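Per-entry structural report
Residues per chain, in single letters:
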Amino acid sequence: MSPKFTYGILFLHLLLITSFYGNTARELVDTENKLLDISENGTNEPQKEHKHHEHHHNHYHMDPSVMVFFTLQDLRVGKRMQIYFPKRNPSTSPRFWPKDKADSLPFSLNKLQTLLEIFSFSQDSPQAKAMVDTLQECETKPIQGELKFCATSLESMLDFTQKTLGFSNDLKVYATKHLTKSSVTFQNYTILENIVRISAPKMVACHTMPYPYAVFYCHSQESENRLYRVPLVGDNGDRVEAMVVCHMDTSHWGHGHVSFQVLGVEPGSSNVCHFFPADNFIWVPKVQVHGDGVSVM
């Protein structure tokens, strides 16, 4: 299969995924309340996802929404842990704009006033503050060994992904799947049998960001990362096929990273694994082997 043909297939596949899961805000609990306000106005709903830059996480470890972190030692059948999985309403989530439309607007913090006028947001509104958070994060320099890019269209996401993973490679995309319908977002889950480690010599993770239209923070790291598909069952019977990434080297992460406070560890002292929400995506080169290119752990 040619890269060009694969690009088209991926485009259609991701359109289907985003239509089902929606596109919502990523990041930690300091944006929780204001993003709830944003969702009521037809933009993004709140989501928490890790990032590698230090953002005053002192109080986050008490909030259920950061309960997505664990260590590789806990990735075993029968392990029971509290996990937060946000549930989305696709009908109120923003969609990708066409690339030409997204590119026609500035995507820069120094153009904030222009953007607020375009979207009719007041300077002190929750929407404006969330946009500032997103633009600041997108303009922050990457950590050592990291490539990062904020995709404002599906085409730009795929361009960055193929550039990072190799234009000669066919790509495969993974996302967490909720196999049962439920409104419960936080409960105890037990890891079931058939944990699968997915072959991923390199990967690009894309996380949703709070913005009036769909924006994804995509990044890739040179350090070792492991990708797993983990079957879970909740105490209420919820079934989830969860995607997990384990970062084996955290020595370059900021001391304020929320995962260290949740786990009680220091940068570089431990690996850090985390569950992905259903509207985040993980791209990997498609391994040319029998089956779907995965190996059982």
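Residues numbered from 1 in each chain as written. Predicted model: local features only at pLDDT ≥ 70, side-chain atom pairs only at ≥ 80, totals over all residues. Heavy atoms only, no water.

**Some remarks on the overall build of the protein chain**
A count of helical and extended segments in the protein chain gives 7 helices and 14 strands. Taking all 297 residues of the protein chain together, the buried fraction comes to 54%. If you take every contact in the protein chain between residues at least 6 apart in sequence, the share linking residues at least 24 apart comes to 77%. With the model as given, the accessible surface of the protein chain reaches about 13200 Å², and the carbon-plus-sulfur share is 52%. (Helix = DSSP H or I, 4+ residues; strand = E, 2+ residues; numbered from the N terminus. Buried < 20%, exposed > 50% of the residue type's maximum accessible area, 1.4 Å probe, protein only. Contact = heavy atoms within 4.5 Å. Areas by Shrake-Rupley, 256 points an atom, 1.4 Å probe, with all protein chains shown as cover.)

**Focus on the sheet that holds strand S4 (residues 171–174)**
Reading across the sheet, the 5 strands line up as S3-S9-S8-S13-S4 and stay open at both edges, with antiparallel pairing between neighbours. Each edge of the open sheet is held by one strand with a lone partner, namely strand S3 (146–151) and S4. Across this sheet, the average inter-strand angle for adjacent strands is 20 degrees, counted without regard to direction. In this sheet, strand S13 (residues 281–285) lies alongside strand S8 (residues 204–209) in antiparallel orientation, the contact comprising 3 bridges. Residue Val204 lies in a different strand from S13, and its bridge partner there is Trp283. (Pairing = 2+ DSSP bridges. Axes fitted to C-alpha atoms, helices over the stretch in contact; angles between N-to-C directions.)

**Examining helix H5 (residues 126–139)**
Note on helix geometry: an α-helix contains 3.6 residues per turn, so any two residues three or four positions apart are oriented the same way. With 14 residues, H5 extends 20 Å between its outermost C-alpha atoms, agreeing within 8% with the 20 Å of an ideal straight helix rising 1.5 Å per residue. Turning to H5, its buried residues number three or more, namely Gln127, Ala128, Ala130, Met131, Thr134, Leu135, Glu137 and Cys138. (Expected span 1.5 Å × (residues − 1).)

**Things to note about the pattern of salt bridges**
Under the defined criterion, the tally for this structure stands at 6 salt bridges. Between Lys79 and Asp74 there is a salt bridge, and its shortest N-O distance comes to 3.7 Å. Residue classification places Lys79 among the partly exposed positions, given a relative accessible area of 21%. Across the pair Glu224 and Arg226 runs a salt bridge whose closest N-O atoms are separated by 3.0 Å. Salt bridges here are not isolated pairs; linked through shared partners, they connect Asp74, Arg76 and Lys79. (Salt bridge = Lys/Arg side-chain N within 4 Å of Asp/Glu carboxyl O.)

**Regarding the pairing of strand S12 (residues 272–275)**
Across the two faces of S12 the burial is the same, with Val272 and His274 and Cys273 and Phe275 all buried. Where strand S1 (residues 69–70) meets S12, 2 bridges bridge the pair, whose relative direction is antiparallel. Bridge pairing links Phe70 to Cys273 in S12. Where strand S11 (residues 239–247) lies against S12, 4 bridges are found, and the strand directions are antiparallel. Across the sheet, residue Cys246 finds its bridge partner in S12, namely Cys273.

**Quick look at the state of the cysteines**
Enumeration according to the criterion identifies 3 disulfides in this entry. Between the sulfur atoms of Cys138 and its disulfide mate Cys150 the distance is 1.9 Å. With the S-S bond torsion at -90 degrees, the cross-link from Cys138 to Cys150 turns out left-handed. One end of the pair, Cys138, is in helix H5; the other, Cys150, is in strand S3, and 12 residues separate them in sequence. There is no split in this pair, since Cys138 and Cys150 are both buried. The side chain of Cys206 participates in a disulfide bridge whose partner is Cys218; the two sulfur atoms lie 2.1 Å from each other. In this structure, the disulfide formed by Cys206 and Cys218 twists by about 115 degrees around the S-S bond and is classed as right-handed. (Disulfide = S-S within 2.5 Å.)

**A short note on the packing of aromatic side chains**
Counted by the stated rule, this structure contains 13 aromatic pairs. Here Phe96 and Phe216 contribute two aromatic rings whose centre-to-centre distance is 5.4 Å and whose plane-to-plane angle is 25 degrees, an arrangement assigned as stacked. Linking Phe96 in the loop between strand S2 (80–84) and helix H3 (99–103) with Phe216 in strand S9 (residues 215–221), this pair joins segments that are 120 residues apart in sequence. As far as burial versus exposure is concerned, Phe96 and Phe216 are alike and both buried. Judged by centre distance (6.4 Å) and plane angle (40 degrees), the rings of Phe119 and Tyr213 are tilted. You can see Phe119 sitting in helix H4 (residues 112–119) and its partner Tyr213 sitting in the loop between S8 and S9, a full 94 residues away along the chain. For the residue pair Phe119 and Tyr213, the accessibility class agrees, reading buried in each case. Each member of the aromatic cluster is reached from another via a ring pair, and the members are Trp97, Phe107, Phe119, Phe121, Tyr211 and Tyr213. Here the basic side chain of Lys101 rests over the ring of Trp97, its NZ or CZ set 4.1 Å away from the ring centre. (Phe/Tyr/Trp six-rings, centres within 6.5 Å; stacked < 30°, edge-to-face > 60°. Lys NZ or Arg CZ within 6 Å of the ring centre and 35° of its normal.)

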